[in-house]
Amino acid sequence: MNTILLPVDLSSSTGLLYEKAISMAKAFASTVYLIHVVLPNEDTSSKDKKEMGREFADESQALNRLATGLRDEGIETHALLMEGVAAKVILEEAKRLDADLIILGSHGHGPLVGTLMGDVSQAVTRDTSCPVLIVPTRG
């Protein structure tokens, strides 16, 4: 297992995914590609450009802190901040990188099979040929 794709939303559940990625990457001497996807800013009427720039800079810093932490653990790591629809971007990057594993959070909120995973996790799991590790992240 050479390449692990770790999509993160930078929420409080990111830490659980991060810890799982560290253990998997160390066990298999893998390279980790951290990916954070932001929605396209097509409608900017409710935000000014300065505010949008600050949000982008904050997300970039948070992603780079995660990457630095992985590198400090001796794991080759690349951080990707991308724009688009999360599931689509994750699937495209998994294919482009020829990922061996995608680690995703569940973000589920209910007892039924259809609600055990969030929309992104469901879409990625459904549409990829790459193995996916789902980490329960709901509290």
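Residues numbered from 1 in each chain as written. Predicted model: local features only at pLDDT ≥ 70, side-chain atom pairs only at ≥ 80, totals over all residues. Heavy atoms only, no water.

Moving on, we come to the nonpolar core. Ranked by internal contacts, the top residues of the largest apolar core, which has 19 residues, are Ile4, Leu6, Val32, Leu34, Leu70 and Ile103. The biggest single contributor to this core is helix α1 (residues 14–28), with six residues. Those residues in contact with Ile4 that sit more than four places away from it in its chain are Met24, Ala25, Ser30, Thr31, Val32, Tyr33, Leu101 and Ile103. Among the nonpolar cores identified, the runner-up in size contains 17 residues, and Leu80, Val89, Ala99 and Leu104 belong to it. (Core = buried A, V, L, I, M, F, W, Y, C linked by side-chain atoms within 4.5 Å. Buried < 20%, exposed > 50% of the residue type's maximum accessible area, 1.4 Å probe, protein only. Helix = DSSP H or I, 4+ residues; strand = E, 2+ residues; numbered from the N terminus. Contact = heavy atoms within 4.5 Å.)

One non-glycine residue with positive phi stands out, namely Leu10, at about 65 degrees. For Leu10, a relative accessible area of 26% corresponds to the partly exposed category.

Along the chain, the position of Thr128 falls in the loop between α4 (119–127) and β5 (132–135). Of the polar contacts made by the side chain of Thr128, one reaches the backbone nitrogen of Cys130; its length is 3.0 Å. Sequence-distant contacts of Thr128, defined by excluding residues within four places in its chain, comprise Leu91 and Ile102. (Polar contact = N/O pair within 3.5 Å; in protein donor to acceptor, adjacent residues only side chain to side chain.)

Another point: the environment of Leu39. Position of Leu39 relative to the elements: it lies in the loop between β2 (31–38) and α2 (49–72). Put simply, Leu39 and Glu83 are 44 residues apart on the chain and 5.6 Å apart in space, counted from C-alpha to C-alpha. The residues touching Leu39, leaving out its near neighbours within four places in the chain, are Glu83 and Gly84.

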